[in-house]
Amino acid sequence: MATAAPVRLTETSIGKKWLMAISSLVLFLYIILHLVGNLKVFFGADPFNHYAEWLRVAGTPMIPDRGALWIFRVLLLLAVFVHIGAYAQLWLRTRRARGQRYRVYRPQVFSYASRTMTWGGITILAFVIYHLLHLTFGTVHPGFIAADPYNNVVMGFENLWVSLFYIIAVVALGLHLYHGLWSATQTFGINNPRYNRWRRPVALWTAALIAAGYASIPLAVLTGIVSR
């Protein structure tokens, strides 16, 4: 009698949810650290440029210049691929299991953030690609100066359309984080009647504060609070 082959955890829906939750945690920590660093723009050119220089030389002379930065970027890229891959596989599995679209759609069952996770994720991914080309590599930044990150940020956000795109993207990020944080706590087993009522408010305010923090930078440039 043939025995069924063992199924790896990562091939199950639960395993894929764990992959999404763990990769989400990695990306969430990066989002927090990146925000803290970027807020140094409010302290002026020297503190912000010193922060950017520290990122470049971190780990030297043990590892080459920019070595730690590129290791970090590779790890983040891996987390992004794992996150997107697990989500896509879960989405396709759900559609195949369902067989056909629901005849009756009841939007009150789901939050707006959860219903826009796919489009929000696509918006965020598109923005990240543009953001790298704009402020990291300078490919689409007409006044990019490699040795002056502060000038690049301020000059970049002086363009109204760039700032609006950035703000729209961080709103999408906030919605994505709101649903993602709540969902991740459920996956990690943080589910207890004593504090369940706090999960959504905490996720909401955390996401809102992060989105507001990122949006404050282009708004500060547009209003002249941060200037060259």
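Worth saying up front: this structure is predicted, and the values here are computed from it rather than measured.

(A) Main features of the packing of helix α2 (residues 45–57) against helix α6 (residues 149–157). Interhelical geometry of α2 versus α6 gives an angle of 115° and a closest axis separation of 8 Å. The angle between α2 and α6 places the two elements in the roughly perpendicular class. Along its contact with α2, which presents Ala-45, Phe-48, Asn-49 and Ala-52, the element α6 presents Pro-149, Tyr-150 and Val-153. Within the contact of α2 with α6, the residues separate by chemical class into 6 nonpolar, 1 polar and no charged.

(B) Expanded view of the packing of aromatic side chains. This structure, assessed with the given rule, holds 7 aromatic pairs. Between the aromatic rings of Phe-48 and Tyr-150, the centroid separation amounts to 6.4 Å while the plane-to-plane angle is 65°, which identifies the pairing as edge-to-face. With a gap of 102 residues between them, Phe-48 in helix α2 and Tyr-150 in helix α6 connect regions that are remote in the sequence. For Phe-48, a relative accessible area of 6% translates into the label buried. Tyr-150 gets classed as buried once you look at its relative accessible area, which sits at 9%. Between Phe-157 and Tyr-166, the ring centres sit 4.8 Å apart and the planes meet at 70°, which makes this aromatic pair edge-to-face. Among the aromatic residues, those joined into a cluster by ring pairs are Phe-127, Tyr-130, Phe-157, Phe-165 and Tyr-166. The ring of Trp-70 is capped by Arg-73, whose NZ or CZ atom sits 4.6 Å from the centre of that ring.

(C) Molecular detail of the nonpolar core. Ranked by size, the top nonpolar core spans 32 residues in total, and within it Val-41, Val-153, Phe-157, Leu-177, Tyr-214 and Val-226 carry the most contacts. The set of elements that each furnish at least two residues to this core consists of α1 (13–38), α5 (117–136), α6, α7 (160–187) and α8 (196–222). Tallying contributions element by element places α7 first for this core, with 11 residues. Those residues within four positions of Val-226 in sequence are excluded, and the remaining contacts are Val-41, Phe-42, Tyr-150, Val-154, Ala-220 and Val-221.

Rules behind the numbers
- Residues numbered from 1 in each chain as written.
- Predicted model: local features only at pLDDT ≥ 70, side-chain atom pairs only at ≥ 80, totals over all residues.
- Heavy atoms only, no water.
- Axes fitted to C-alpha atoms, helices over the stretch in contact; angles between N-to-C directions.
- Helix = DSSP H or I, 4+ residues; strand = E, 2+ residues; numbered from the N terminus.
- Parallel < 35°, antiparallel > 145°, perpendicular 65-115°, else oblique.
- Contact = heavy atoms within 4.5 Å.
- Nonpolar A, V, L, I, M, F, W, Y, C, P; charged D, E, K, R; others polar.
- Phe/Tyr/Trp six-rings, centres within 6.5 Å; stacked < 30°, edge-to-face > 60°.
- Buried < 20%, exposed > 50% of the residue type's maximum accessible area, 1.4 Å probe, protein only.
- Lys NZ or Arg CZ within 6 Å of the ring centre and 35° of its normal.
- Core = buried A, V, L, I, M, F, W, Y, C linked by side-chain atoms within 4.5 Å.

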